[in-house]
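Structure at a glance
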Amino acid sequence: MLLAIKNVLTENQLQVIRKLLQNADFVDGKLSAGKEAKQVKNNLELAQQSPLHEQLNQMLMPSLLNHPEYQAFAFPLKVATPFYARYTQGMTYGFHVDDPIMGPMNGRYRSDISTTVFLNDDYEGGELAIKTSFGVQHIRLNAGDAVVYPSTSWHQVEPIVSGERLVAVIWAQSMVKDPQKRELLYELGQARDVLIDDRPKSEETAHVSNVYANLVRRWSEL
Ligand code: NI
(Lines give C-alpha, C1' and ligand atoms only; values in the text may rest on other atoms or scores of the structure.)
Protein backbone atom coordinates (compact mmCIF):
# COMPACT_ATOMS: atom_id res chain seq x y z
CA MET A 1 0.00 0.00 0.00
CA LEU A 2 1.16 3.52 -0.65
CA LEU A 3 -0.13 6.65 0.95
CA ALA A 4 -0.36 10.14 -0.52
CA ILE A 5 -0.30 12.94 2.05
CA LYS A 6 -1.44 16.37 0.94
CA ASN A 7 0.13 19.67 2.01
CA VAL A 8 3.01 18.44 4.12
CA LEU A 9 4.72 21.74 3.27
CA THR A 10 3.09 25.15 2.96
CA GLU A 11 3.54 27.45 -0.03
CA ASN A 12 5.80 29.68 2.10
CA GLN A 13 8.04 26.78 3.09
CA LEU A 14 8.23 25.63 -0.52
CA GLN A 15 9.30 29.06 -1.70
CA VAL A 16 12.09 29.23 0.87
CA ILE A 17 13.27 25.68 0.11
CA ARG A 18 13.26 26.23 -3.65
CA LYS A 19 15.17 29.49 -3.26
CA LEU A 20 17.83 27.78 -1.12
CA LEU A 21 18.19 24.97 -3.66
CA GLN A 22 18.34 27.29 -6.67
CA ASN A 23 22.09 27.99 -6.52
CA ALA A 24 23.06 25.08 -4.30
CA ASP A 25 25.93 22.68 -4.91
CA PHE A 26 24.46 19.59 -6.62
CA VAL A 27 26.58 16.54 -7.48
CA ASP A 28 26.10 13.32 -9.46
CA GLY A 29 23.58 11.09 -7.65
CA LYS A 30 25.64 7.99 -8.50
CA LEU A 31 27.99 8.99 -5.66
CA SER A 32 25.40 7.92 -3.07
CA ALA A 33 24.06 4.92 -4.98
CA GLY A 34 24.54 1.25 -4.11
CA LYS A 35 25.85 -1.27 -6.62
CA GLU A 36 22.52 -2.01 -8.29
CA ALA A 37 21.21 1.55 -8.24
CA LYS A 38 24.39 2.94 -9.84
CA GLN A 39 23.50 1.21 -13.09
CA VAL A 40 20.19 3.02 -13.46
CA LYS A 41 20.57 6.24 -11.48
CA ASN A 42 20.94 9.46 -13.44
CA ASN A 43 20.13 12.48 -11.28
CA LEU A 44 21.73 15.17 -9.16
CA GLU A 45 21.81 15.39 -5.38
CA LEU A 46 22.61 18.19 -2.99
CA ALA A 47 26.28 17.68 -2.02
CA GLN A 48 26.66 15.88 1.33
CA GLN A 49 28.88 18.66 2.67
CA SER A 50 26.52 21.46 1.63
CA PRO A 51 25.84 23.83 4.55
CA LEU A 52 22.22 24.10 3.39
CA HIS A 53 21.24 20.67 4.72
CA GLU A 54 20.63 21.87 8.24
CA GLN A 55 18.38 24.75 7.26
CA LEU A 56 16.44 22.62 4.79
CA ASN A 57 16.01 19.74 7.23
CA GLN A 58 14.78 22.04 9.97
CA MET A 59 12.00 23.20 7.72
CA LEU A 60 11.07 19.85 6.22
CA MET A 61 11.48 17.25 8.93
CA PRO A 62 9.12 18.54 11.64
CA SER A 63 6.40 19.06 9.02
CA LEU A 64 6.70 15.46 7.85
CA LEU A 65 7.39 13.72 11.17
CA ASN A 66 4.63 15.49 13.06
CA HIS A 67 2.08 14.84 10.35
CA PRO A 68 -0.56 12.52 11.85
CA GLU A 69 -0.97 10.58 8.59
CA TYR A 70 2.77 9.89 8.40
CA GLN A 71 2.80 8.73 12.02
CA ALA A 72 -0.26 6.53 11.52
CA PHE A 73 1.15 4.87 8.41
CA ALA A 74 4.91 4.65 9.03
CA PHE A 75 5.36 4.03 12.79
CA PRO A 76 8.80 5.64 12.44
CA LEU A 77 11.57 4.53 14.79
CA LYS A 78 14.67 5.98 13.11
CA VAL A 79 14.38 8.60 10.42
CA ALA A 80 17.32 9.53 8.23
CA THR A 81 18.06 13.04 7.09
CA PRO A 82 16.69 13.71 3.61
CA PHE A 83 18.41 13.57 0.26
CA TYR A 84 17.52 16.52 -1.95
CA ALA A 85 17.43 15.45 -5.59
CA ARG A 86 17.18 17.38 -8.83
CA TYR A 87 16.28 15.85 -12.16
CA THR A 88 16.77 18.01 -15.22
CA GLN A 89 15.47 17.26 -18.72
CA GLY A 90 16.20 13.67 -19.78
CA MET A 91 17.28 12.53 -16.32
CA THR A 92 15.76 9.37 -14.87
CA TYR A 93 16.20 6.76 -12.17
CA GLY A 94 15.40 3.32 -13.60
CA PHE A 95 13.67 0.49 -11.72
CA HIS A 96 15.41 -0.46 -8.46
CA VAL A 97 14.81 -1.38 -4.83
CA ASP A 98 16.31 1.02 -2.28
CA ASP A 99 19.31 -0.16 -0.27
CA PRO A 100 18.15 -2.28 2.69
CA ILE A 101 20.67 -0.92 5.21
CA MET A 102 21.64 2.72 5.24
CA GLY A 103 23.54 5.24 7.32
CA PRO A 104 27.10 5.39 8.66
CA MET A 105 28.66 2.48 10.61
CA ASN A 106 27.79 4.07 13.95
CA GLY A 107 24.24 4.98 12.95
CA ARG A 108 22.91 2.18 10.80
CA TYR A 109 19.24 1.66 10.18
CA ARG A 110 17.04 -0.59 8.07
CA SER A 111 15.06 1.16 5.34
CA ASP A 112 11.43 0.09 5.73
CA ILE A 113 9.65 3.21 4.51
CA SER A 114 10.51 5.47 1.60
CA THR A 115 9.03 8.94 1.32
CA THR A 116 9.18 11.38 -1.56
CA VAL A 117 8.22 14.99 -0.84
CA PHE A 118 7.49 16.93 -4.02
CA LEU A 119 9.12 20.38 -3.88
CA ASN A 120 7.84 21.66 -7.22
CA ASP A 121 5.37 20.62 -9.89
CA ASP A 122 6.19 22.69 -12.97
CA TYR A 123 7.78 19.95 -15.06
CA GLU A 124 6.62 17.28 -17.49
CA GLY A 125 7.35 13.56 -17.21
CA GLY A 126 9.23 12.45 -14.09
CA GLU A 127 6.42 10.34 -12.66
CA LEU A 128 7.32 8.04 -9.80
CA ALA A 129 6.26 4.55 -10.93
CA ILE A 130 5.85 2.02 -8.11
CA LYS A 131 5.18 -1.66 -8.72
CA THR A 132 2.42 -2.90 -6.41
CA SER A 133 0.51 -6.18 -6.26
CA PHE A 134 -2.20 -4.42 -8.30
CA GLY A 135 0.14 -3.30 -11.08
CA VAL A 136 2.38 -0.27 -11.53
CA GLN A 137 1.05 2.94 -10.01
CA HIS A 138 2.17 6.29 -11.42
CA ILE A 139 2.51 9.09 -8.93
CA ARG A 140 2.94 12.75 -9.55
CA LEU A 141 1.70 14.98 -6.76
CA ASN A 142 1.44 18.72 -6.24
CA ALA A 143 4.31 20.66 -4.72
CA GLY A 144 4.19 20.21 -0.95
CA ASP A 145 2.57 16.75 -1.08
CA ALA A 146 4.31 13.50 -0.16
CA VAL A 147 4.02 9.84 -1.09
CA VAL A 148 4.97 7.19 1.46
CA TYR A 149 5.57 3.57 0.39
CA PRO A 150 7.31 0.40 1.56
CA SER A 151 11.03 0.41 0.72
CA THR A 152 10.59 -3.18 -0.46
CA SER A 153 8.78 -1.88 -3.58
CA TRP A 154 10.38 -1.87 -7.01
CA HIS A 155 10.14 1.68 -8.33
CA GLN A 156 11.53 4.15 -10.84
CA VAL A 157 11.49 7.83 -11.75
CA GLU A 158 10.50 8.21 -15.39
CA PRO A 159 12.53 10.52 -17.65
CA ILE A 160 11.93 14.24 -17.30
CA VAL A 161 10.43 15.56 -20.53
CA SER A 162 10.80 19.27 -19.73
CA GLY A 163 11.55 21.49 -16.77
CA GLU A 164 13.22 20.15 -13.64
CA ARG A 165 11.93 17.94 -10.86
CA LEU A 166 12.92 18.74 -7.28
CA VAL A 167 12.19 16.29 -4.48
CA ALA A 168 13.30 15.39 -0.99
CA VAL A 169 13.63 11.66 -0.30
CA ILE A 170 13.50 10.33 3.25
CA TRP A 171 14.01 6.79 4.56
CA ALA A 172 12.85 5.48 7.89
CA GLN A 173 13.11 2.33 9.93
CA SER A 174 9.68 1.44 11.20
CA MET A 175 8.77 0.01 14.59
CA VAL A 176 6.63 -2.42 12.57
CA LYS A 177 8.90 -4.20 10.10
CA ASP A 178 6.25 -6.10 8.14
CA PRO A 179 4.46 -3.90 5.54
CA GLN A 180 1.28 -6.02 5.78
CA LYS A 181 1.09 -5.54 9.54
CA ARG A 182 1.64 -1.79 9.10
CA GLU A 183 -1.19 -1.71 6.58
CA LEU A 184 -3.56 -3.53 8.96
CA LEU A 185 -2.64 -1.15 11.79
CA TYR A 186 -3.16 1.85 9.54
CA GLU A 187 -6.65 0.72 8.52
CA LEU A 188 -7.65 -0.21 12.05
CA GLY A 189 -6.24 3.10 13.33
CA GLN A 190 -8.31 5.05 10.79
CA ALA A 191 -11.46 3.23 11.91
CA ARG A 192 -10.61 3.82 15.56
CA ASP A 193 -10.17 7.58 14.96
CA VAL A 194 -13.62 7.83 13.35
CA LEU A 195 -15.23 5.84 16.18
CA ILE A 196 -13.59 8.00 18.83
CA ASP A 197 -15.01 11.11 17.13
CA ASP A 198 -18.48 9.71 16.40
CA ARG A 199 -19.16 7.42 19.35
CA PRO A 200 -16.67 8.38 22.05
CA LYS A 201 -18.54 6.68 24.88
CA SER A 202 -19.58 3.42 23.26
CA GLU A 203 -18.24 0.10 24.43
CA GLU A 204 -17.44 -0.91 20.83
CA THR A 205 -15.19 2.13 20.45
CA ALA A 206 -13.33 1.11 23.59
CA HIS A 207 -12.90 -2.44 22.27
CA VAL A 208 -11.55 -1.30 18.89
CA SER A 209 -9.27 1.18 20.61
CA ASN A 210 -7.93 -1.47 22.99
CA VAL A 211 -7.34 -3.96 20.19
CA TYR A 212 -5.48 -1.30 18.22
CA ALA A 213 -3.27 -0.38 21.17
CA ASN A 214 -2.49 -4.00 21.98
CA LEU A 215 -1.71 -4.91 18.37
CA VAL A 216 0.70 -1.94 18.17
CA ARG A 217 2.32 -3.21 21.36
CA ARG A 218 2.49 -6.79 20.05
CA TRP A 219 3.96 -5.89 16.65
CA SER A 220 6.34 -3.04 17.58
CA GLU A 221 10.05 -3.61 17.99
CA LEU A 222 12.13 -0.87 19.55
NI1 NI B 1 14.54 4.66 -4.87
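A brief structural summary. The structure presented is a predicted model; accordingly, all values stated were derived computationally and were not measured. What you see as residue numbers is a count from 1 along each chain, following the sequence as written. In keeping with the model being predicted, local features are shown solely for residues with a pLDDT of at least 70 and side-chain atom pairs are shown and tallied solely at 80 or more, while totals for entire chains, interfaces and linings include all residues. Think of the side-chain values as coming from all heavy atoms in the structure, minus any hydrogens and water.

1. Observations concerning the packing of aromatic side chains
Here is the rule: Aromatic pairing here means that ring centres of Phe, Tyr or Trp (its six-membered ring) are within 6.5 Å. Orientation follows from the plane angle: under 30 degrees is stacked, over 60 is edge-to-face, and everything else is tilted. Helix numbers and strand numbers start at the N terminus; a helix is a DSSP run of H or I with at least 4 residues, a strand a run of E with at least 2. Partly exposed residues are those whose accessible area sits between 20% and 50% of the maximum for their type, while under 20% is buried and over 50% is exposed, using a 1.4 Å probe and protein chains only. A ring has a charge above it when a Lys NZ or an Arg CZ is no more than 6 Å from the ring centre and no more than 35 degrees off the ring normal.
Counting across every chain of the model gives 3 aromatic pairs. Centre to centre, the rings of Phe83 and Trp171 are 5.6 Å apart; their planes meet at 85°, and the pair counts as edge-to-face. Separated by 88 residues along the polypeptide, Phe83 in strand S6 (residues 83-87) and Trp171 in strand S17 (residues 165-174) bring together distant segments of the chain. On the numbers, 4.5 Å between centres and 20° between planes, the contact of Phe95 with Trp154 is stacked. Taken together, the positions of Phe95 in strand S7 (residues 92-96) and Trp154 in the loop between strand S14 (146-150) and strand S15 (155-157) put the pair 59 residues apart, joining distant regions of the chain. Overall, Phe95 belongs to the partly exposed group, its relative accessible area being 25%. It is Arg86 that lies over the ring of Phe26; its NZ or CZ is 4.2 Å from the centre.

2. Some words on the environment of Gly90
Counted only if it meets this: Two residues qualify as a contact provided that any one of their heavy atoms is within 4.5 Å of a heavy atom in the partner residue.
Structurally, the position occupied by Gly90 is in the loop between S6 and S7. For Gly90, a relative accessible area of 44% translates into the label partly exposed. When the C-alpha positions of Gly90 and Ser111 are compared, they lie 28 Å apart, and in sequence the two are 21 residues distant. Non-local contacts of Gly90, meaning those with residues more than four positions away in its chain, are made with Asn42, Pro159 and Ile160.

3. Concerning the packing of helix H1 (residues 11-22) against helix H3 (residues 52-65)
We apply this condition: Note on method: axes are straight lines fitted to C-alpha atoms, helices fitted across the in-contact stretch only, with angles between N-to-C directions ranging 0 to 180 degrees. Comment on the angle field: the value is read as roughly parallel under 35 degrees, roughly antiparallel over 145, roughly perpendicular from 65 to 115, and oblique elsewhere. Throughout, a crossing is termed right-handed when the near helix is turned clockwise from the far one, and left-handed when it is turned anticlockwise from it by less than a right angle. Gly is placed with the polar residues, together with every amino acid not listed as nonpolar (Ala, Val, Leu, Ile, Met, Phe, Trp, Tyr, Cys and Pro) or charged (Asp, Glu, Lys and Arg).
Packing of H1 against H3 leaves a shortest axis separation of 11 Å and a crossing angle of 155°. The angle between H1 and H3 falls in the class roughly antiparallel. Crossing geometry of H1 relative to H3 is assigned as left-handed. Residues Gln13, Val16, Ile17, Leu20 and Leu21 of H1 lie in contact with H3, whose contacting residues are Leu52, Gln55, Leu56, Met59 and Ser63. Considering only residue class, the contact of H1 with H3 consists of 7 nonpolar, 3 polar and no charged.

4. As for empty space enclosed by the protein
Spelled out, the test is: For cavity detection a 1 Å grid was placed over the protein atoms alone, and a set of points counts as a cavity when a 1.4 Å probe fits there but cannot get out; an open set counts as a pocket when protein lies on both sides within 12 Å along at least five of seven lines, with lining residues being those that have an atom within 4 Å of a point. Grid points are joined across faces, edges and corners, and a volume is the space filled by probe spheres set on the points.
Tallied over the entire structure, the rule returns 1 cavity of 30 Å³ or more. A volume near 50 Å³ is recorded for the largest cavity. Every residue along the wall of the largest cavity is listed here: Met1, Phe73, Pro150, Pro179, Arg182 and Glu183. Considering each element in turn, the lining of the largest cavity owes the most residues, 3 residues, to helix H5 (residues 179-198). Residues that form the lining of the largest cavity fall into these classes: 4 nonpolar, no polar and 2 charged.

5. Some points on H1
We count it as follows: Here a helix's expected span is defined as the number of its residues, less one, multiplied by 1.5 Å. The arc refers to the directions leading from the helix axis to the C-beta atoms.
A rise of 1.5 Å per residue sets the reference length of H1, with its 12 residues, at 16 Å; its end C-alpha atoms lie 16 Å apart and thus fit the reference within 8%. All of the buried residues along H1 are Gln13, Leu14, Ile17, Leu20 and Leu21. Buried residues of H1, seen end-on, are gathered within an arc of 130° and therefore sit on one face of the element. What points out from H1, more than 90 degrees from its buried face, is the exposed set Asn12, Lys19 and Gln22.

6. Digging into the layout of surface pockets
Reported here for the largest pocket is a volume of approximately 420 Å³. Lining the largest pocket are 28 residues, with Lys41, Glu45, Tyr93, Asp98 and Trp171 positioned closest to its centre. Elements supplying a minimum of two residues to the lining of the largest pocket: S6, S7, strand S8 (101-102), S15 and S17. Taken together, the residues of the lining of the largest pocket break down into 16 nonpolar, 7 polar and 5 charged. When its volume is computed, the second largest pocket comes out at roughly 290 Å³. Around the second largest pocket, the lining is made up of 15 residues, and of these Met1, Thr132, Ser133, Pro150 and Glu183 lie nearest the centre. Where the lining of the second largest pocket is concerned, the elements lending two or more residues are strand S12 (128-132), S14 and H5. Looking at the lining of the second largest pocket residue by residue, the classes come out as 7 nonpolar, 6 polar and 2 charged.

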